[in-house]
Amino acid sequence: MTDVKARRDAVFGAGSTLFYDEPVHIVRGEGVYLYAADGTRYLDMYNNVPSVGHCHPHVVEAVSKQIGTLNVHNRYLHEAILEYGERLLATHHDGLASVVFSCTGTEANEVALMMARAATGGQGIICTDAAYHGNSTEVRRLNHCRSSTGDVRSVPFPDGFRFDLDHPGQDPLTCYLDQVQAVIDGFRNDGVDFAGLLFCPLFANEGLPAIPDGFLPAVAELVRRSGGLFICDEVQAGLGRTGNWWGYEVQGFQPDIVSMGKPLGAGMPLAATAGRRDLVEHFRKTFRYFNTFAATPGQAAAGNAVLDVIEAENVLNQVTTVGQQLRDGLRPFMGRCEPMADVRGEGLFVSIEWVTDRRTRTPDAEGAIQVVEQLKARGFLTSNAGAYRNIIKLRPPLVFSEADAAQFLDAFEDVLDGLD
Ligand SMILES: Cc1ncc(COP(=O)(O)O)c(C=O)c1O
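Residues numbered from 1 in each chain as written. Predicted model: local features only at pLDDT ≥ 70, side-chain atom pairs only at ≥ 80, totals over all residues. Heavy atoms only, no water.

Structural notes on the overall build of the protein
In terms of regular secondary structure, the protein is built from 13 helices and 16 strands. Here the C-alpha atoms of the protein give a radius of gyration of 22 Å, agreeing with the 22 Å that 2.2 N^0.38 yields for 420 residues. Split into buried and exposed, the 420 residues of the protein put 55% on the buried side. In the protein, of all internal contacts separated by at least 6 residues, the share reaching a separation of at least 24 is 71%. When the 36 basic and 53 acidic side-chain charges of the protein are each reduced to a single mean position, those positions are 5 Å apart. (Helix = DSSP H or I, 4+ residues; strand = E, 2+ residues; numbered from the N terminus. Rg over C-alpha atoms; globule rule 2.2 N^0.38 Å. Buried < 20%, exposed > 50% of the residue type's maximum accessible area, 1.4 Å probe, protein only. Contact = heavy atoms within 4.5 Å. Lys, Arg positive; Asp, Glu negative; His and termini not counted. Charge placed at Lys NZ, Arg CZ, Asp CG, Glu CD.)

Overview of the domain arrangement of the protein
By domain assignment, the protein separates into domain 1 (2-52 + 314-418) and domain 2 (58-312). With centres defined by C-alpha atoms, the gap from domain 1 to domain 2 works out at 25 Å. Facing the 36 residues of domain 1 at the interface are 35 residues of domain 2. For the pair domain 1 and domain 2, the summed buried surface comes to about 2,700 Å²; carbon and sulfur atoms form 60% of the total. Together, Leu316, Phe349 and Arg361 form the three largest contributors to the area buried by domain 1 at its contact with domain 2, with a combined 25%. Joining domain 1 to domain 2, the criterion identifies 2 salt bridges. The residue Asp164 makes a salt bridge to Arg361 at a minimum N-O spacing of 2.8 Å. Counting across the interface, domain 1 meets domain 2 through 15 residue pairs in polar contact (both at pLDDT 80 or more). At the level of secondary structure, the elements contributing two or more residues to the side of domain 1 that touches domain 2 comprise α11 (315-330), β11 (340-346), β12 (349-357) and β16 (391-394). Split into classes, the residues belonging to the side of domain 1 that touches domain 2 amount to 18 nonpolar, 10 polar and 8 charged. (Domains from an automatic or database assignment. Buried area = accessible area lost by both parts, 1.4 Å probe. Salt bridge = Lys/Arg side-chain N within 4 Å of Asp/Glu carboxyl O. Polar contact = N/O pair within 3.5 Å; in protein donor to acceptor, adjacent residues only side chain to side chain. Nonpolar A, V, L, I, M, F, W, Y, C, P; charged D, E, K, R; others polar.)

Side note on the layout of surface pockets
Each pocket or cavity is described by its volume, and for the largest pocket that value is around 1,300 Å³. If you go around the largest pocket, you meet 45 residues; those closest to its centre are Phe19, Tyr46, Asn47, Lys262 and Arg395. Sorting the residues of the lining of the largest pocket by element identifies α4 (105-120) and β15 (383-385) as the ones contributing at least two each. Residue composition of the lining of the largest pocket, by class: 20 nonpolar, 18 polar and 7 charged. Two domains each put at least three residues into the lining of the largest pocket: domain 1 (2-52 + 314-418) and domain 2 (58-312). Of the pockets and cavities examined, the second largest pocket occupies roughly 700 Å³. In terms of lining residues, the second largest pocket is bounded by 30 residues, among which Asn74, Leu82, Val99, Arg284 and Ala295 are the most central. Elements with a contribution of two residues or more to the lining of the second largest pocket: α3 (79-90), β4 (98-102) and α9 (277-287). Each residue belonging to the lining of the second largest pocket can be placed in one class, and the counts come to 17 nonpolar, 6 polar and 7 charged. (1 Å grid on protein atoms, 1.4 Å probe; cavity = no way out; pocket = protein on both sides within 12 Å on 5 of 7 lines; lining within 4 Å. Points joined across faces, edges and corners; volume = space filled by probe spheres on them.)

What about the environment of Ser64?
By the element assignment, Ser64 lies in helix α2 (residues 57-67). C-alpha separation for the pair Ser64 and Arg146, spaced 82 residues apart in sequence, amounts to 45 Å. A polar atom in the side chain of Ser64 sits 2.5 Å from the backbone oxygen of Val60.

So, empty space enclosed by the protein
Taken as a whole and assessed by the stated rule, the structure comprises 1 cavity of 30 Å³ or more. When its volume is computed, the largest cavity comes out at roughly 60 Å³. Along the wall of the largest cavity there are 13 residues; nearest its centre are Phe157, Arg162, Glu206, Glu353 and Tyr388. Considered class by class, the residues forming the lining of the largest cavity number 5 nonpolar, 3 polar and 5 charged. Looking at the lining of the largest cavity, you find at least three residues from each of domain 1 (2-52 + 314-418) and domain 2 (58-312).

Rendered as structure tokens:
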């Protein structure tokens, strides 16, 4: 282990992040399980990229067959990627009619920003103050953004759990909407034409907060009334994670542009940006966008195989049922565990809020990390996340079953029993 870690530091350069005090050295994955070099089996409660489970045989077979036949860039006609594009778009609302493929969530967001700016002629973009949307020079500007000047500006993410601490007696919906409107007004006052807003519909990296009812539909209205476009980052929230195809369905609104990534290809790099046909065609004419590894037959095989599994194995219903089972099983523990102050989420995306004191709701990142380490010691891989790093985040592959959830709940109870 130490040897592998030292070798990794030398090859990657020290500073490349690893999970857990004692990193896990994995050699194999199957379904919801990961197997370590020392033979330990872990139940994977965290990885959303192997969306239909690690090494799903249908995906492995489809991808192997395709790359053994043809895999080449997309300046040729090839039907599999068209079939995939049609199937992917069919899962969305009717307004999303065309798609640009890429390889990472970062690229999908980059394309979305270019598309919105080209369509509106504006530059001004709104994001939240605790988001992560990717790692390119432009997209990075939206990460943990605290700017109130320039062409990228942030609003506080909606945090229903803590709202009343700083805003006693106020209405969260009105307050958060006013903040969005204030940024739009600020752009106008400063002569920055407005292009749109980019939010994750669940605010996943912010910590899956409690979102005031009706917030995102009302934001979409404000944005459009001011000539902007609503870009929805579905890189984490999408493709069945919530038990719906897309996170925006949970929130009850229809975005103008959607970026997608992580779970689409079950580990094959596959990402996409969908929009109205006229938006996409304007983007194509403006930028002549080309991405060598995007829209290939290999990507198409992975994407189609993932959709096959989701449909054939009734995955969306299972996600809804098992997600509910997890939350229902976790909530009673709050009665006996003071730091466990809230359990939230949608489908198989669960956040457990860990605090030092329920009255002040002070985030306890150290406590959350302790629970994560204790779960790992019992063979369950989770992580801590969110704006304050105090959220224990559960986001297993979508094929996580009722029996898996039951095992996890037992282990979680055991960890609580052992806490100081
Ligand atoms: C919400 C969200 N958007 C975009 C990205 C960037 O995706 P990628 O790492 O594939 O570039 C991430 C990655 O964690 C993400 O969580």
